[in-house]
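One-letter residues, chain by chain:
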Amino acid sequence: MATDIIAAIDQTAANTVLHAAESALGTLSKTGTGSLGPFIAGWKASASFTGGSVALEAPDTVSIDHLRVNYSLNLKLGIDLSFLDFCIPQVCIWTPWGTLCTPTICVTFPTISVTVPFSTSLDLSANFGILVKLTGGTWIVDVVIQSVPTLDLGAAATLLLTAIGAAISLALLAVPFIGPFLSIAAAVITAAFGIAEVTGLLGSILTLFVSGLTFKVWTHAQTFQVLPASPPFTPAVHVLVTSVTAGVRATTKNELVLSVDI
Amino acid sequence: MNTLDSRFVRLGDCFAHRFSAAGTFRYTLSVIPSAFGAHHHEGGNGPTVTVTPASGAPQATHYVTVSAGDGLIASPDRVTVSAGDLVVWSPDKSVTLGFRVRGRIEDQVVDSGSMRTESIYTHAFGSAGRYQWRDANGSPLKGEIRVTTPNDDHEAWLEHLKDGALVHVRGHQAEPKSVEITVGQTVVWAVEDAPGVTVTDVTLLPRDGKEDSDVGRH
């Protein structure tokens, strides 16, 4: 049976539609925990998507290049400093009333909480498939990422590692009696994890945002009114959309085509 | 933690007193620096130091550890000493707010929050900086402690921690007025013939309403 309605957009229009869909998606937020070496890292992250250029590939692939992922991360590390515990020995000192000897005082170092805010962006390129669905009386056409591409996190991981180091140093300075142990503490902590661990943590967080990434490019009510009621005798006229299909058609130029039956 | 304030004896601090005359020192342990809290249990079954007449034996030092449980607890809560002995009170890790020792022996008041004579306050400094201190009870007594960061020779540093520095307070004069130590070292204030003084970091005290060139921050 012939399709009742066909709508098509070329790549230029598809770019416009994509960018509108990115804005509509807004900022996504997630929380979770991971690890950096021996340290547990709690995190809160948010991400939004901008830019990118669309290439339509028949029969049903929407390829997006240079999609910008703008993300912010708030990392909270708990660092147990008990490996620095030591005792101040007894101090014996002359006083006018005899020699006073203080008791040995043992200093135990706490677990410090280090918060690291971090924001940057990365570009990714990926293929998206086209998914049509009817949900709650609404037809929806989504483009859904087909697989998580390799994320280039080298520069970001380096910056994040630097930010973590700075935050740890600042947190350590506030710990009483840490002064003589500052270099030891910093060395032990920074030896516990490096760029590989930071890259792994960052990758695991960003994958949560990218995996299943979906942009909603078209929606329409399944039933919609085409003519209002005209009292007293003429009721409103509604149209029922019975099916929607979507795909990429390659002709003189590639187009994203929507076929609608009513 | 590690705040310089003899009104609150915290981890890293000690308060000591030399009991010169025989008698019974009944005292309270309080977290409240004012006199109100100190009088609350006086005369009851609180901790005591019983001072017996001098026996001719060498001076001894007796240690009382204060812990936080159901209130502040002295351990041992009954100490018997000879006249001339020292008693040293110090907290364990459970004491977070600090404590004050206050009591009476015969007609003499012994009070870590208002030291008069034969009283000692010690403080181990945990952070480098310049600490200006004065008497929170309003006398002109004041001084300065400069705390430096040690070099990387940890063995030498740990050994150096055994060396304390003495500040002898007579009346409202401190000698020396300025002391330099390394992080982790202990300063000992020996208070003699004073009008009831404290050793308190000036940053903990209200400004006195006039420009004070001695007010400093570490």
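Everything that follows concerns the structure shown earlier in this document.
For clarity, every value in this text was computed on a predicted model and none was experimentally measured.

Colleague: It is not clear to me how the pairing of strand β6 (residues 92-95) of chain A should be interpreted in this structure. Could you clarify?
Modeller: Remark: a regular strand shows side chains that alternate across the two faces of the sheet. Residues and elements named next belong to chain A. Burial along β6 is one-sided: Ile 93 and Thr 95 are buried, and none of Cys 92 and Trp 94, which face the opposite way, are. Across four bridges, the pairing between β6 and strand β7 (residues 98-101) is antiparallel. Considered in β7, the bridge of Ile 93 is made with Leu 100. Hairpin connection between β6 and β7: a loop of two residues separates the two successive antiparallel strands.

Colleague: Please clarify how the sheet that holds strand β8 (residues 100-105) of chain B should be interpreted in this entry.
Modeller: Adjacent strands of a sheet form backbone hydrogen bonds with each other and so pair up, either parallel or antiparallel. Residue and element names in this part refer to chain B. The strand order across the open sheet formed by five strands is β6-β3-β2-β8-β9, and the pairing between neighbours is mixed. Here the strands that pair on one side only, and so sit at the sheet edges, are β6 (78-82) and β9 (108-111). Strand-to-strand twist of the sheet, defined as the mean angle between neighbouring strand axes without regard to direction, takes the value 20°. Bridge count between strand β2 (residues 23-30) and β8: five bridges; the pairing is antiparallel. Within β8, the position partnered with Ser 30 by the bridge is Arg 100.

Colleague: Looking at this model, I keep getting lost on the interface of chain A and chain B. Mind explaining?
Modeller: Size of an interface, as often reported, equals the accessible area lost when the parts are brought together. Across the boundary between the two partners, chain A contributes 27 residues, which contact 41 residues of chain B. Between chain A and chain B, a total of about 2,600 Å² is buried, with carbon and sulfur atoms accounting for 75% of that surface. Three residues stand out in chain A for area buried against chain B, namely Trp97(A), Phe177(A) and Pro180(A), and they jointly supply 29% of the buried area on that side. The interface formed by chain A and chain B includes zero salt bridges. Breaking the side of chain A that touches chain B down by element, the ones donating at least two residues are β5 (86-88), β6, β7, β8 (105-107) and α3 (182-192) of chain A. Residue composition of the side of chain A that touches chain B, by class: 20 nonpolar, seven polar and no charged.

Colleague: How should I be thinking about the sheet that holds strand β12 (residues 142-148) of chain B in this particular structure?
Modeller: Residues and elements named next belong to chain B. If you trace the four strands from one edge of the open sheet to the other, you get β15-β12-β11-β17, paired in mixed fashion. Two strands bound the open sheet, and with one partner strand each, they are β15 (178-182) and β17 (200-201). Bridge analysis of strand β11 (residues 129-134) against β17 gives two bridges, and the strand direction is antiparallel. Bridge pairing in β17 places Arg 134 opposite Thr 200.

Colleague: Please clarify how the environment of Asp13(B) should be interpreted in this entry.
Modeller: One can find Asp13(B) in strand β1 (residues 13-18). The sequence separation of Asp13(B) and Val187(B) amounts to 174 residues, and the corresponding C-alpha distance is 9.5 Å.

Rules and cut-offs
- Residues numbered from 1 in each chain as written.
- Chains lettered and ligands numbered in written order.
- Predicted model: local features only at pLDDT ≥ 70, side-chain atom pairs only at ≥ 80, totals over all residues.
- Heavy atoms only, no water.
- Buried < 20%, exposed > 50% of the residue type's maximum accessible area, 1.4 Å probe, protein only.
- Helix = DSSP H or I, 4+ residues; strand = E, 2+ residues; numbered from the N terminus.
- Pairing = 2+ DSSP bridges.
- Axes fitted to C-alpha atoms, helices over the stretch in contact; angles between N-to-C directions.
- Contact = heavy atoms within 4.5 Å.
- Buried area = accessible area lost by both parts, 1.4 Å probe.
- Salt bridge = Lys/Arg side-chain N within 4 Å of Asp/Glu carboxyl O.
- Nonpolar A, V, L, I, M, F, W, Y, C, P; charged D, E, K, R; others polar.

Nothing here speaks to function; it is geometry throughout.
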